[in-house]
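For reference, the chains in residue letters:
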Amino acid sequence: MMALRDINVLELAGLAPAPFCGMILADFGAKVVRVDRPGASGYLSHLDRGKRSLALDLKRPRGAGTLRRLCARADVLLEPFRSGVMEKLQLGPDLLLQENPRLIYARLSGFGQSGSFSQVAGHDINYLALSGVLSQIGRSGENPHAPLNLLADFGGGGLMCALGILVALMERTRSGKGQVIDASMVEGTAYLSSFIWKTQKMGLWSEPRGQNLLDGGAPFYTTYRTADGEFMAVGAIEPQFYQVLIKGLGLKSDELPNQMSKVDWPEMKKKFADIFAKKTKAEWCQIFDGTDACVTPVLTLEEAAHQNHNRERGSFITDEEQCMSPRPAPLLLRTPAIPSTKRDPFIGEHTKEILKEFGFNQKEIDELHSEGVIQSANSKSHL
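Residues numbered from 1 in each chain as written. Predicted model: local features only at pLDDT ≥ 70, side-chain atom pairs only at ≥ 80, totals over all residues. Heavy atoms only, no water.

## Some details on the overall build of the protein
Here comes step 1: The helix and strand inventory of the protein stands at 15 helices and twelve strands.
Here comes step 2: On the principal axes, the C-alpha backbone points of the protein span a range of 85 × 45 × 40 Å.
Here comes step 3: Residues classed as buried in the protein amount to 44% of the 383 residues present.
Here comes step 4: Residue pairs at least 24 apart in sequence account for 65% of intrachain contacts in the protein once pairs closer than 6 positions are excluded.
Here comes step 5: Carbon and sulfur atoms make up 54% of the accessible area of the protein, which amounts to about 20,600 Å² in all. (Helix = DSSP H or I, 4+ residues; strand = E, 2+ residues; numbered from the N terminus. Buried < 20%, exposed > 50% of the residue type's maximum accessible area, 1.4 Å probe, protein only. Contact = heavy atoms within 4.5 Å. Areas by Shrake-Rupley, 256 points an atom, 1.4 Å probe, with all protein chains shown as cover.)

## Here we look at unusual backbone geometry
Here comes step 1: Put simply, A329 and P330 share a cis peptide bond, and its omega is 0 degrees.
Here comes step 2: Look at Q90: it is not a glycine, yet its phi comes out positive at around 60 degrees.
Here comes step 3: If you trace the backbone, Q90 turns up in the loop between α3 (85-88) and α4 (93-99).
Here comes step 4: Look at Q90 and you get exposed, because its relative accessible area is 51%.
Here comes step 5: Of note, L148 is a non-glycine position whose phi angle comes to about 55 degrees, a positive value.
Here comes step 6: In this structure, L148 sits in the loop between α5 (124-130) and α6 (150-175).

## Quick notes on the nonpolar core
Here comes step 1: Judged by nonpolar contacts, the single largest core of 29 residues is most densely connected at C161 and I165.
Here comes step 2: Listed by contribution, the elements that provide at least two residues to this core are α1 (17-27), β4 (76-79), β5 (104-109), α6, β6 (179-184) and α7 (185-192).
Here comes step 3: Ranked by the residues each element gives to this core, the list is headed by α6, at six residues.
Here comes step 4: By size, the runner-up hydrophobic cluster in this structure holds 28 residues, among which are L56, L77, L96 and V373. (Core = buried A, V, L, I, M, F, W, Y, C linked by side-chain atoms within 4.5 Å.)

## Focus: the sheet that holds strand β12 (residues 374-375)
Here comes step 1: If you walk across this open sheet you meet the seven strands as β6-β5-β4-β1-β2-β3-β12, and the pairing is mixed. One side of each edge strand has no neighbouring strand; the edge strands of this open sheet are β6 and β12.
Here comes step 2: In the packing of helix α2 (residues 61-71) onto the sheet, contacts are made with β1 (8-12), β2 (31-36), β3 (52-56) and β4, and the angle to β3 comes to roughly 145 degrees.
Here comes step 3: Across the sheet, α6 touches β4, β5 and β6, and the angle it forms with β5 is around 165 degrees. (Pairing = 2+ DSSP bridges. Axes fitted to C-alpha atoms, helices over the stretch in contact; angles between N-to-C directions.)

## Considerations on the side chain of D215
Here comes step 1: Examined against the element boundaries, D215 turns out to sit in the loop between α8 (194-199) and β7 (221-225).
Here comes step 2: Comment: no salt bridge for buried D215; closest opposite-charge side chain is R209, at 7.4 Å.
Here comes step 3: Engagement of the side chain of D215 in a polar contact is seen with the backbone nitrogen of G210, the distance being 2.8 Å.
Here comes step 4: At 3.3 Å, the side chain of D215 forms a polar contact with the backbone nitrogen of Q211.
Here comes step 5: The contact partners of D215, leaving out residues within four places of it in the chain, are Q136, G138, W205, P208, R209 and G210. (Lys, Arg positive; Asp, Glu negative; His and termini not counted. Salt bridge = Lys/Arg side-chain N within 4 Å of Asp/Glu carboxyl O. Polar contact = N/O pair within 3.5 Å; in protein donor to acceptor, adjacent residues only side chain to side chain.)

## Focus on the domain arrangement of the protein
Here comes step 1: What the domain assignment lists for the protein is domain 1 (8-193 + 320-375) and domain 2 (221-293).
Here comes step 2: A separation of 44 Å is found between the C-alpha centroids of domain 1 and domain 2. (Domains from an automatic or database assignment.)

## Here we look at the packing of α2 against helix α15 (residues 362-370)
Here comes step 1: The N-to-C vectors of α2 and α15 enclose an angle of 145 degrees; their axes lie 11 Å apart at closest approach. The element α2 and its partner α15 pack so that their crossing is left-handed. For the pair α2 and α15, the contacting residues are R62, T66 and R69 in the first and E364, E367 and L368 in the second.
Here comes step 2: The class makeup of the residues in the contact of α2 with α15 is one nonpolar, one polar and four charged. (Left-handed = near helix turned anticlockwise from the far one by under 90°. Nonpolar A, V, L, I, M, F, W, Y, C, P; charged D, E, K, R; others polar.)

## Details of the pattern of salt bridges
Here comes step 1: Taken as a whole and assessed by the stated rule, the structure comprises 16 salt bridges.
Here comes step 2: Across the salt bridge formed by R52 and E357, the nearest N and O atoms sit 2.8 Å from each other. Separated by 305 residues along the polypeptide, R52 in strand β3 and E357 in helix α14 (residues 351-357) bring together distant segments of the chain.
Here comes step 3: Between R69 and E364 there is a salt bridge whose closest N-O contact spans 3.0 Å. Taken together, the positions of R69 in helix α2 and E364 in helix α15 put the pair 295 residues apart, joining distant regions of the chain.
Here comes step 4: Overall, E364 belongs to the partly exposed group, its relative accessible area being 22%.
Here comes step 5: Members of the salt-bridge network, linked through shared partners, are E11, R34, D36, D48 and K51.

## Looking at the environment of K177
Here comes step 1: Within the secondary structure, K177 is located in the loop between α6 and β6.
Here comes step 2: The exposed category is assigned to K177, whose relative accessible area is 54%.
Here comes step 3: Sequence separation between K177 and L77 is 100 residues, and the spatial gap between their C-alpha atoms is 14 Å.
Here comes step 4: Those residues in contact with K177 that sit more than four places away from it in its chain are P101, R102, E171 and R172.

## Topic: a nonpolar patch on the surface
Here comes step 1: Together, F117, V120 and L130 make up a nonpolar patch on the protein surface, roughly 260 Å² of accessible area in all.
Here comes step 2: Locating V120 in the fold gives a position in the loop between β5 and α5.
Here comes step 3: Judged by its relative accessible area of 39%, V120 is partly exposed. (Patch = residues over 30% accessible without salt bridge, like charges linked within 9 Å, V, L, I, M, F, W, Y side chains within 5 Å.)

So, in structure tokens, the structure goes:
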């Protein structure tokens, strides 16, 4: 049995962050229904493992009424819209929680449900910028650089929202009451950066961007190009690990400046770079594998999936379409996630069966279908 069995989640279709949140819940056993817009040509989140699809037109009064009826039996509603959108559809939390006091109403947005930016469009890079975190990321002398869309969309957004949902579900076991979750990607990203805020006065971030201990400024915490154009990652912070690094590079510590002498870091980075450039990635792996030098190869996604340690732990899984993806984390030893290996659902593929499960009779389903409020589809129609 998985940890979230019997938890019913309605996920209103959106881009990356909310689908990731829903996938986390599905991976750990929740029954997640993706509520799609009828007539959509396709779904592009690629984060729909273990979900089913219900196509429902929420802009039609009867469509909104259908969702309200679904929410009366649901545990979680996950919505990814800007502030006020759900209220205009007569689907705001006040109404839905009145009808189902146990409902967890999770609102995942970029800027949150209040404040002067709450009605403004944005993407990961904008939320990252407003959180203060983007100012700290990038090479010395260069513009701030967003690390893909991982931090705000998935870390501060989807993952933080999933945490909020789990906390609310746990609290509900005591109070019997649901609640509203206001998950702002700006605030979630800022929360992820708590270490930076808490350690500013310690001098860890006292230098300009790209010149500090953990942002690429230190010669022992950065990446180096190898002879074959590949890269090695070095993270030898502690003195004992640094000594192993120095030995592996063929250097002598008594001939080098102090490890923490910042004025010598640029010169040391050049020295390390020259040495790393003389051997291939495979050769460096042979030198440092099994040591505490904290030196590892920079792997491509394909290499990561087949790397020995990751294979031994089963860290990546393959679905029925032979697509590889990361196994759900963390690993629960008694009630582990059992991710679905089936393909992602087509839009409206499970509309009728979901409505039946939520108490709709055949006549009601036929009426909704004839009025264009719902859409049903099957695999054959998409081949």
